[in-house]
Structures are given as C-alpha cells and as structure tokens.
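Fold and geometry: a report
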Amino acid sequence: QVQVVESGGGLVQPGGSLRLSCAASGNIFSIYRMGWYRQAPGKQRELVAYITSGGSTTYEGSLKGRFTISRDNAKNTVYLQMNSLKPEDTAVYYCNADANTGKTHWGQGTQVTVSS
C-alpha cells in the first residue's frame, strides 16, 4: 500500500508564492508517477502537473511557467512550487501517486487560498 500526505497550503496574497510538499510512504518502489491536481469550489478536479520516476514532467498548459513540480528521491517527496499566484488558483490541492499495481493513491488535500 502507498500513502501520500500533502502539506504547505495556506493563505497568500496575489502575486505571492507557496511551495506544497507531498510525502509518499509505504510501498514506494511501486510508484512510477506522482502528480498534483486541484479542485476549486464548484469545479471538477483538474491536473496541475505530474512527474515520473525518471524525472519527466507534464504541466497543464496555462500553469507552466508559474508552477514547477520537482522531486527529492531521498525524501520520497514531490514538491509544487507556485509563483505569481492569482485568486483563480484558489483550490484544494491534491497529490496522487500512480503505482504499478494499477492503483492511484490520493492524499487528503491541502487548501490554497489566494486573496488580499
């Protein structure tokens, strides 16, 4: 089994930055990809970015340039650096881990609020 736990959310002013962390534990050797999704009130969950075990990254097109996904293999942690935040970035941000068992494991989410 795999567990993922997000941290780092909070309240930030427009134009500010936040870094989210996602720590994986359990059967981490089964994970081949980890990603960030977000869900704003009244909207569907959407992809933000993901990173493979080989380090390849994919971003939702409009977020590339402001958001950066990275990983620290020694810490089994994936990060999402978010810069130039806008009110429309307000959402619950979820981390997930895709495992070679065919399962996707989700965290509980962390709230990001961009407001003055």
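Preceding this paragraph is the structure being described.
What comes next concerns the included structure. As the structure is a computational prediction, the values presented were derived from the model and not from experiment.

Mapped onto the elements of the fold, K64 is located in the loop between β6 (57-59) and β7 (67-72). Sequence separation of K64 and V48 is 16 residues, and the distance between their C-alpha atoms is 8.9 Å.

With the rule as written, the count across this model stands at one disulfide. C22 shares a disulfide with C95; S-S distance 1.9 Å. Looking along the S-S bond of the C22-C95 disulfide, the torsion reads about -80°, which is the left-handed sense. Taken as a pair, C22 in strand β3 (residues 18-26) and C95 in strand β9 (residues 91-99) lie far apart in primary sequence, 73 residues in all.

As a general feature of sheets, a regular strand has side chains that alternate between the two faces. Because side chains alternate across strand β11 (residues 110-114), one face comprises the buried residues T110, V112 and V114, and the other comprises Q111 and T113, none of which is buried. Sheet topology places strand β2 (residues 10-12) next to β11; three bridges connect them, and they run parallel. By the bridge assignment for β11, G10 is matched with V112. Here β9 runs beside β11; their pairing, made up of three bridges, is antiparallel. Following the sheet pairing, V92 is matched in β11 by Q111.

Let us look at the side chain of R38. Examined against the element boundaries, R38 turns out to sit in strand β4 (residues 31-39). Residue classification places R38 among the buried residues on the basis of a relative accessible area of 9%. Only 2.7 Å separates the side chain of R38 from the side chain of E46, close enough to count as a polar contact. Polar side-chain contacts of R38 include one of 3.0 Å to the side chain of Y93. Not counting the four nearest positions on each side in its chain, R38 is found in contact with Q44, R45, E46, V48, L63, F67, E88, D89, A91, V92 and Y93.

The rules behind each value
Residues numbered from 1 in each chain as written. Predicted model: local features only at pLDDT ≥ 70, side-chain atom pairs only at ≥ 80, totals over all residues. Heavy atoms only, no water. Helix = DSSP H or I, 4+ residues; strand = E, 2+ residues; numbered from the N terminus. Disulfide = S-S within 2.5 Å. Buried < 20%, exposed > 50% of the residue type's maximum accessible area, 1.4 Å probe, protein only. Pairing = 2+ DSSP bridges. Polar contact = N/O pair within 3.5 Å; in protein donor to acceptor, adjacent residues only side chain to side chain. Contact = heavy atoms within 4.5 Å.

In short, the description is geometric, and any link to function would need to be established separately.
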